Amino acid sequence: MSRRIEARFAQLKAEGRAALMPYVMSGDPDRETAMRILHGLPEAGADLIELGMPFTDPMADGPSVQEAGLRALAGGQTLARTLEMVTEFRRGDPATPIVLMGYFNPIFSYGVDRFAADAATAGVDGLIVVDLPPEEDMDLLAAAGAKDISLIRLATPTTDDRRLPTVLENTSGFIYYVSVAGITGAASLDTEAAAKAVRRLKRHSDLPIAVGFGIKTPEQAAAVAEVADAAVVGSAIVNRVKEAGGDRDRAVAGVLQLVRDLSAGVRSARRETVPAE
Amino acid sequence: MNVQNNPNSFRNGPDQRGHFGAYGGRYAAETLMPLLLEVEKAWNDAKADPAFQVELDEYLKHYAGRPSPLYFAERLTEYFGGAKIYFKRDELNHTGSHKINNCMGQILLARRMNKPRIIAETGAGQHGVAAATVAARFGLPCTVYMGAVDVERQQPNVFRMKLLGAEVIPVKSGSSTLKDAMNEALRDWVTNVENTFYIIGTAAGPHPYPELVRDFQSVIGNEAKEQMMEREGRLPDTLVACIGGGSNAIGLFHPFLDDPEVEIYGVEAAGRGLETGEHAASLTGGRPGVLHGNKTYLLQDDDGQITEAHSISAGLDYPGIGPEHAWLKDVGRVKYVSATDDEALQMFQLCARKEGIIPALEPAHALAHVARIAPDLPEDHIILMNMCGRGDKDVFAVAQALGVEI
């Protein structure tokens with residue numbers, strides 16, 4: 001497992017609070033602007049960063065993330081460039097964990113072993129590959145494991161107790177709970193249901209649990225921070241880039257301001273000690 | 001690993017995890033995984049239940065109009081002056097193509113699973129019409145996703161789907177064609193997984209769909225085999241079918257895969273020509289990758305981004321292909337070739353004039369390959385081509401391509 005992820009969650013536990021994990025799309029709207037956003041995230045309150053790897057056909061993402069990916073691709077973003085961005089980020093920030101999130105084909109095309117090696121060199125800590133369920137992720141699991149990169153699996157409302165052990169086996173870093181059976185950016189979060197799900201997951205695993213999908217406001221982030229170990233916000237953030245139109249300064253300022261607000265929400269939340277039921 | 005366990009058969013795939021050799025599988029979002037496992041279980045139960053097949057056969061016979069005829073295309077045979085050309089007339093099915101075979105099977109499966117809502121994706125509209133038809137027949141609401149570009153070029157089918165009570169949603173994301181319609185259908189499914197059955201139209205997608213669609217379409221090859229034995233007392237020498245996702249082709253080919261004397265050709269859409277890059281020939285011009293739930297040959301750039309396919313035929317305009325075809329290509333059992341838009345247009349007209357059959361643009365691609373090989377083959381050589389759809393839906397697109405205003 002990645003030491004940076006482990007260290008960060010240990011530190012947060014000592015502080016008695018949950019993490020804010022913003023999702024930004026690498027290369028959106030262009031490499032330079034995305035790099036400014038990435039550099040600014042830790043100061044704005046990001047405890048971990050999810051960095052999207054753009055893909056033409058993101059089947060589980062909603063319009064916001066899909067458009068962000070297409071903007072990035074139109075700007076010439078590639079998987080190699082995403083790794084370069086992580087390298088550049090690491091020069092200034094040795095501590096904030098970076099988790100890459102995306103779809104399998106660009107990784108398969110790059111070459112799974114080569115990708116894991118280059119990602120480790122760049123300073124990537126974890127991988128979330130949306131269309132790679134445990135049934136198909138053996139190659140990437142082995143390659144990532146050999147380089148101390150966590151392969152983070154998704155659990156969803158449809159993942160029942162029978163299937164959960166399959167999902168949890170060999171996962172590391174943290175568990176990403178997708179709080180709605182749906183695409184990114186669509187339905188709003190049901191905090192009660194999410195809390196219940198987190199308690200269920202805690203019965204099966206000691207790993208930190210991040211909750212994502214449906215969190216749009218500081219209030220929702222705070223509500224999630226009370227029950228989970230991390231709140232993930234994606235669509236609301238990439239929407240700020242879109243809203244800026246072509247204005248790069250506005251895109252950077254808009255994203256970082258939202259992250260500050262979300263971080264304040266997360267930090268205001270008092271952690272329940274979530275007991276395993 | 002069935003494929004490996006019996007190397008003497010090309011018909012044992014997929015293995016238990018849905019792989020045909022290196023292809024296929026189940027590359028799906030976790031939200032869908034439990035449902036895919038459920039569909040697989042329901043499919044395995046249905047296969048083991050004789051009543052399921054009996055019911056399906058009844059509907060195929062009395063509703064869809066099977067068996068479809070085996071027709072000796074005498075005038076084209078004479079015109080090409082070589083091999084005997086037969087058509088398997090799957091364009092004579094209810095709704096005008098082979099698509100009804102699969103939709104009928106899948107709607108019975110949806111009913112077994114108590115899923116009250118149907119979704120489908122469609123390119124040319126043939127699958128959308130067939131899905132809307134069976135949904136109407138069984139009284140289930142149906143939503144069909146169709147690329148906005150395809151909605152434009154296939155207006156007659158859009159209208160038919162609406163007449164049948166389906167909701168047609170034009171998809172404007174990406175290239176606004178079939179692959180984007182499939183993305184959108186998958187998004188709907190992820191969101192409405194509790195009550196929705198996704199009728200996938202081709203032999204692609206996550207396991208068990210490639211197998212399930214193939215088995216439902218194999219009625220084509222099974223009938224053809226029997227009809228050919230009756231007619232000629234032997235198997236055909238050559239099979240030809242067009243390939244988009246590859247469902248009509250795998251349906252014709254599969255029952256013949258273990259007959260080594262039968263030569264098999266799949267014909268992809270070469271669009272404006274393979275050398276132009278504007279084509280839909282995933283096997284000939286693509287390389288292996290992962291999209292829409294399966295590993296298969298894909299049109300993609302160096303970074304693994306999916307590129308847009310081009311074909312005059314909306315039904316072939318897809319950057320991927322069913323995983324069993326990918327495997328059959330690699331093991332060499334089936335030869336995959338291609339035909340251009342222009343060749344298809346020529347055959348569309350030739351077939352209409354010589355045989356009084358207006359083919360869909362899809363099988364017009366298959367006919368282009370028949371035209372290439374038939375003249376040089378001996379007169380006792382038998383070619384069997386799948387006439388998988390009729391061209392009514394294409395007359396507007398063809399008229400436009402020929403510069404005729406209608």
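Residues numbered from 1 in each chain as written. Chains lettered and ligands numbered in written order. Predicted model: local features only at pLDDT ≥ 70, side-chain atom pairs only at ≥ 80, totals over all residues. Heavy atoms only, no water.

> I'm lost on the side chain of Thr31 of chain B in this one. Help?
Residue position: Thr31 of chain B is located in the loop between strand 2 (23–27) and helix 2 (33–48). Judged by its relative accessible area of 5%, Thr31 of chain B falls in the buried class. Apart from the residues lying within four places of it in its own chain, the contact partners of Thr31 of chain B are Thr156, Thr158 and Ala181 of chain A together with Val190 and Val193 of chain B. (Helix = DSSP H or I, 4+ residues; strand = E, 2+ residues; numbered from the N terminus. Buried < 20%, exposed > 50% of the residue type's maximum accessible area, 1.4 Å probe, protein only. Contact = heavy atoms within 4.5 Å.)

> Teacher, can you tell me more about the environment of Ala368 of chain B here?
All names here are of chain B. Checked against the element boundaries, Ala368 lands in helix 16 (residues 361–373). With a relative accessible area of 3%, Ala368 lands in the buried category. Separated by 128 residues in the primary sequence, Ala368 and Val240 have C-alpha atoms spaced 10.0 Å apart. Excluding residues that lie within four positions of it along the chain, Ala368 makes contacts with Ala339, Glu343 and Met347.

> Looking at this structure, how should I read the domain arrangement of chain B?
By a widespread convention, an interface's size corresponds to the accessible area lost as its parts come together. Residue and element names in this part refer to chain B. Per the domain assignment, the segments making up chain B are domain 1 (31–52 + 98–209) and domain 2 (66–96 + 218–402). Here domain 1 and domain 2 have C-alpha centroids that lie 23 Å from each other. Each partner contributes residues to the interface: domain 1 has 29 residues there, and domain 2 has 33 residues. For the pair domain 1 and domain 2, the two sides together bury roughly 2,400 Å², of which 57% comes from carbon and sulfur. Among the residues of domain 1 in contact with domain 2, His98, Arg153 and Lys179 are the three that bury the most area, contributing 27% of the side total. Linking domain 1 with domain 2 are 0 salt bridges. Along the contact surface separating domain 1 from domain 2 lie 11 residue pairs in polar contact (both at pLDDT 80 or more). Residue assignment for the side of domain 1 that touches domain 2 shows that the elements contributing at least two residues are helix 5 (99–112), helix 6 (126–137), helix 7 (148–153), helix 8 (155–163) and helix 9 (178–191). The biggest single contributor to the side of domain 1 that touches domain 2 is helix 9, with 5 residues. (Domains from an automatic or database assignment. Buried area = accessible area lost by both parts, 1.4 Å probe. Salt bridge = Lys/Arg side-chain N within 4 Å of Asp/Glu carboxyl O. Polar contact = N/O pair within 3.5 Å; in protein donor to acceptor, adjacent residues only side chain to side chain.)

> Before we go on, may I ask you to explain the side chain of Glu91 of chain B in this structure?
All names here are of chain B. The residue Glu91 is located in the loop between strand 4 (84–88) and helix 5 in this model. Classification of Glu91 as buried rests on a relative accessible area of 3%. When neighbours within four sequence positions are excluded, Glu91 is seen to be in contact with Gly96, Ser97, Ile357, Met387, Cys388, Gly389 and Arg390.

> Help me out: how do you make sense of the sheet that holds strand 7 (residues 167–171) of chain B in this one?
Either a parallel or an antiparallel arrangement is found when strands of a sheet pair, and the pairing is made through backbone hydrogen bonds. All names here are of chain B. Across the sheet, 4 strands lie side by side as 7-6-5-8; this open sheet has parallel pairing. Lying at the two open borders of the sheet, with one neighbouring strand each, are strand 7 and strand 8 (196–199). Direction aside, the axes of adjacent strands within the sheet are offset by 25° on average. In the sheet, strand 5 (residues 117–122) pairs with strand 8 via 4 bridges, with the strands oriented parallel. Bridge pairing links Ile119 to Tyr198 in strand 8. (Pairing = 2+ DSSP bridges. Axes fitted to C-alpha atoms, helices over the stretch in contact; angles between N-to-C directions.)

> Is there a simple way to think about the layout of surface pockets in this case?
Rolled over the atoms, a probe sized like a water molecule indicates the empty space that remains. A volume near 290 Å³ is recorded for the second largest pocket. Contributing to the lining of the second largest pocket are 13 residues, with Asp160 and Arg162 of chain A together with Pro34, Leu35 and Glu38 of chain B lying nearest its centre. Residues belonging to the lining of the second largest pocket are distributed by class as follows: 4 nonpolar, 2 polar and 7 charged. (1 Å grid on protein atoms, 1.4 Å probe; cavity = no way out; pocket = protein on both sides within 12 Å on 5 of 7 lines; lining within 4 Å. Points joined across faces, edges and corners; volume = space filled by probe spheres on them. Nonpolar A, V, L, I, M, F, W, Y, C, P; charged D, E, K, R; others polar.)

> Even after reading the chapter, I still don't get a nonpolar patch on the surface, so can you show me in this structure?
A grouping of Phe396, Leu402, Val404 and Ile406 of chain B is seen on the molecular surface, where their side chains present a nonpolar patch of about 400 Å² in accessible area. Position of Phe396 of chain B among the secondary structure elements: in helix 17 (residues 395–401). (Patch = residues over 30% accessible without salt bridge, like charges linked within 9 Å, V, L, I, M, F, W, Y side chains within 5 Å. Areas by Shrake-Rupley, 256 points an atom, 1.4 Å probe, with all protein chains shown as cover.)

> Can you help me understand the pattern of salt bridges in this one?
Oppositely charged side chains can form a pair if their charged atoms are brought close together. Residues and elements named next belong to chain B. Under the criterion given, the structure shown has 44 salt bridges over all chains. For Glu223, the salt bridge goes to Arg66, with nearest N and O atoms at 2.8 Å. In this pair, Glu223 is assigned in helix 11 (residues 219–232) and Arg66 in the loop between helix 3 (50–64) and strand 3 (70–72), connecting sequence segments 157 residues apart. The same class applies to Glu223 as to Arg66, namely buried. Between Arg372 and Glu343 there is a salt bridge, with the nearest N and O atoms lying 3.0 Å from each other. Pair noted here: Arg372 is in helix 16 and Glu343 is in helix 15 (residues 341–355), with a separation of 29 residues, a long-range link. Given the relative accessible area of 34%, Arg372 is considered partly exposed. Of the residues examined, Glu343 reaches a relative accessible area of 23% and is grouped as partly exposed.

> Could you clarify how one ought to interpret the UniProt feature "active site" (unreviewed entry) in chain A in this entry?
All names here are of chain A. As recorded in UniProt, the sites labelled "active site" (unreviewed entry) are Glu50 and Asp61. If you take the residues mentioned a moment ago, the ones lining the second largest cavity come down to Glu50 and Asp61. With respect to the secondary-structure elements, Glu50 resides in strand 2 (residues 49–52). Once residues within four sequence positions are removed from consideration, Glu50 is found in contact with Met21, Pro22, Tyr23, Val24, Val99, Met101, Ile128, Tyr176 and Val232. The residue Asp61 is located in the loop between strand 2 and helix 3 (63–74) in this model. (UniProt positions renumbered as here; feature names shortened; annotations may be inferred.)

> Help me understand the interface of chain A and chain B, please; the structure alone is not making it clear to me.
In this complex, chain A contributes 37 residues to the contact, which on the side of chain B involves 37 residues. Together, the buried faces of chain A and chain B total about 2,900 Å²; carbon and sulfur atoms form 52% of this surface. Taken together, the connections running from chain A to chain B amount to 2 salt bridges. Counting across the interface, chain A meets chain B through 22 residue pairs in polar contact (both at pLDDT 80 or more). Elements supplying a minimum of two residues to the side of chain A that touches chain B: helix 3, helix 5 (104–110) and strand 6 (154–155) of chain A. Of the residues belonging to the side of chain A that touches chain B, the class tally is 21 nonpolar, 10 polar and 6 charged.

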